[in-house]
Amino acid sequence: MKKLLILLAFAFLFLSLTSASSFDERKKYLLDYYSKARPNDQYWGDNDIKTAMGFVLARLETKKDVKYALDMLNRMQEDAPFDMFDCHQNIDAYLRFQSVYPKELKEKIRKRMTSEDYLADGSTENHRLMFKTAGYLTALAFPDWGKADTVMTHCRSVLMDVMDKTVRYGIKEFDSPTYGTFYITCLLSLYDHSKDAEFKKQVQMTLEWHLLNMAPEWLNGYFISSSLREYYFACSPHMMSPYPLLGWLFFGGGPNPVLEQKYENGELIVNNEGFYSVLAAVSSYRIPEIIQHIASDRKKAYVHKESHDMTPFAQLNYPWGFKKYTYINKTYGLASQWDGISLGWSAQMRRWKLVWESDAPASTFFLTHISHYGRSAESLFGATCREQVLQHNGTLLAMYKIESEEPHPYVTGVVPIDAIKQMKEDESGWIFFDGGSVLFAVKFCHPYTWDEDRVFRGVKHKMLRCDQRGTAAVIETCLPDKYQPTGTKTALDLFAEDILKTTKLEYIVTNPEYRQTIYHSLSGDTLKIIYNYGRFVNGEKVHYENWPLYSNPWMEQVVNGRFLNVSHGKESRVYDFRNWNVIDSKENQ
């Protein structure tokens, strides 16, 4: 019996260590790299707090090359600009590691951080959050500062209001592969350093709301979502951005991400900005198991619905907001959004995309009418209200009505060459692709052409183009194992035969102001878009005005809802955003 108890004890210890090591191993992987790499190797100056602080945090946390880190910190106080990115990370590092700071450095930081009143909001939602976080932490760090009480009161009040609106109405800069990072890292800083129990509880619940926002759209190292602000459409474990890197750190899945930068002829062409994620690796916060389980449960295909920018009287995309629809299957995902019939700011928006698991660095396909802002024609930034889409499971229908005065009067599509195993073009207009982990097909209602191949982030893409200003397109997807090769026919051949035999795409123009497109899909469903009037699935109008804040197999919350209900298997928890408390299933037993 004694031996059995000893064995059970060792087994429990082993399991607990194994459970803990998952995050710890990912943390170590991240810190090992950034404690050795130098900012200049990353194409950034080592006196820029915004981009260099990750290298400082990694060194101080691992106690490696500390002198270099302190030298960098010294230069930062003198040379770096004072903006939201800098002030947040600067005071966070001070609070974590001030015990190893020389006296002179402490004085420099105090002088720098107390020279502001922190009333500034910046120009975006993430700017405001960083400024107020920095002000709150500065008042906390220097309680004898003459403005400490005033700044603390102001910043705490703003932060509590921001958190209250976030968990009921969503955010404006939703699911940005870059800027999503700073929502998380600000909350982690507040969680780690605040001494105010009430405030800290609200911080923790808002942080977990954000993590639950990401978890259903996480697929083995890939974050699959539409977004208001996306710089790099090709994002994968082989070519990361900081927000998905945070997802990997918290959720795991997929191969270890590539952190090294990629150069060609001395020019930086891939910058994953992983240094922004280091703060999460040094934080004491750990996610609840139920969120981890949701992020990794991909046994069955499912639909995730989500709303953002729904705050009354303060919408960026008034009066519509953004209503998301994401379909996740075992090895791929298709994500899109409804954003009304007009648009607010959309210069960096990605309305929809197909992403699949691949050994290739880029495995993303989409069509778009490029935004006319800035350098969008070169970078494929942004989207316009000339495109309207409807998604049902793994099928997406898109409709275009591009005005003659548009500077880019055509539809553009990108096909990552290295991620495509086989491609077939049919005289009917269908193009069929085998991506290895997904089969997909695309068809325009009008003729298409191929532009010259282009390189994005070092990856060559075929460029699909349709010059018809009024047109429609459809995208069908499925898992490759739906079709078993027979004789000389591949799975893609059988997929193509099935589509050609069972589907029908119609584009009907009654008059210039009334046009519709109807698609009878591979699954037997009928999708219809009446441009600027409505979207229908199997004859039923899709009621976007009733879209949930969150809805998927594991969670439910209505817009402006008090409760976020989360469950997975026998686990469950309820987030009460009025009383700011969490009820776990264990507490109900």
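Residues numbered from 1 in each chain as written. Predicted model: local features only at pLDDT ≥ 70, side-chain atom pairs only at ≥ 80, totals over all residues. Heavy atoms only, no water.

### A word on the state of the cysteines
Evaluation of the coordinates by the stated rule reveals zero disulfides. Considering cysteine sulfurs only, C466 is the nearest to C385, which forms no disulfide, with 18 Å between them. (Disulfide = S-S within 2.5 Å.)

### Looking at the sheet that holds strand β21 (residues 526–530)
Taken in spatial order, the five strands of this open sheet run β19-β20-β21-β22-β23, and their pairing is antiparallel. The open sheet terminates on both sides in strands that have one partner only, identified here as β19 (504–511) and β23 (540–541). Here β19 runs beside strand β20 (residues 514–520); their pairing, made up of seven bridges, is antiparallel. The residue bridging K504 from the neighbouring strand is H520, located in β20. (Pairing = 2+ DSSP bridges. Helix = DSSP H or I, 4+ residues; strand = E, 2+ residues; numbered from the N terminus.)

### With respect to the nonpolar core
Core analysis: the biggest nonpolar cluster contains 115 residues, and Y101, F250 and F251 have the highest contact counts within it. Grouped together as the second largest cluster of nonpolar side chains are 42 residues, Y400, Y410, V411 and L464 included. (Core = buried A, V, L, I, M, F, W, Y, C linked by side-chain atoms within 4.5 Å. Buried < 20%, exposed > 50% of the residue type's maximum accessible area, 1.4 Å probe, protein only.)

### A short note on the packing of aromatic side chains
One pass over the full model with this rule turns up 42 aromatic pairs. Centroid distance Y33 to Y34: 4.8 Å. Interplanar angle 90 degrees. Geometry classified as edge-to-face. On the accessibility criterion, Y33 (18% relative accessible area) is buried. For Y34, a relative accessible area of 0% translates into the label buried. Each member of the aromatic cluster is reached from another via a ring pair, and the members are Y33, Y34, F55, F85, Y179, F182, Y231, Y232, F275, Y276 and F381. It is K462 that lies over the ring of W450; its NZ or CZ is 4.7 Å from the centre. Here the basic side chain of K528 rests over the ring of F536, its NZ or CZ set 5.1 Å away from the ring centre. (Phe/Tyr/Trp six-rings, centres within 6.5 Å; stacked < 30°, edge-to-face > 60°. Lys NZ or Arg CZ within 6 Å of the ring centre and 35° of its normal.)

### A word on the environment of T364
Residue position: T364 is located in strand β9 (residues 364–368). With residues up to four places along the chain from it excluded, the contact list for T364 reads F233, A234, C235, K353, L354, V355, W356, V414 and P416. A polar contact of 3.4 Å, which involves the side chain of T364, links it to the backbone oxygen of F233. (Contact = heavy atoms within 4.5 Å. Polar contact = N/O pair within 3.5 Å; in protein donor to acceptor, adjacent residues only side chain to side chain.)

### A few points about the pattern of salt bridges
Opposite charge on two side chains permits them to pair, given that their charged atoms come into close proximity. Going through the model one piece at a time under the given rule, you end up with 35 salt bridges. Salt-bridge contacts for E104 lead to K108; the nearest nitrogen and oxygen are separated by 4.0 Å. Of this pair, E104 and K108 are both found in helix α5 (residues 103–113), four residues apart, which corresponds to roughly one turn of the helix. Residue R573 is joined to D584 by a salt bridge in which the shortest nitrogen-to-oxygen separation is 2.7 Å. Of this pair, R573 sits in strand β27 (residues 571–576) while D584 sits in strand β28 (residues 581–584), and the two are eleven residues apart along the sequence. The exposure class assigned to D584 is partly exposed, which follows from its relative accessible area of 22%. (Salt bridge = Lys/Arg side-chain N within 4 Å of Asp/Glu carboxyl O.)

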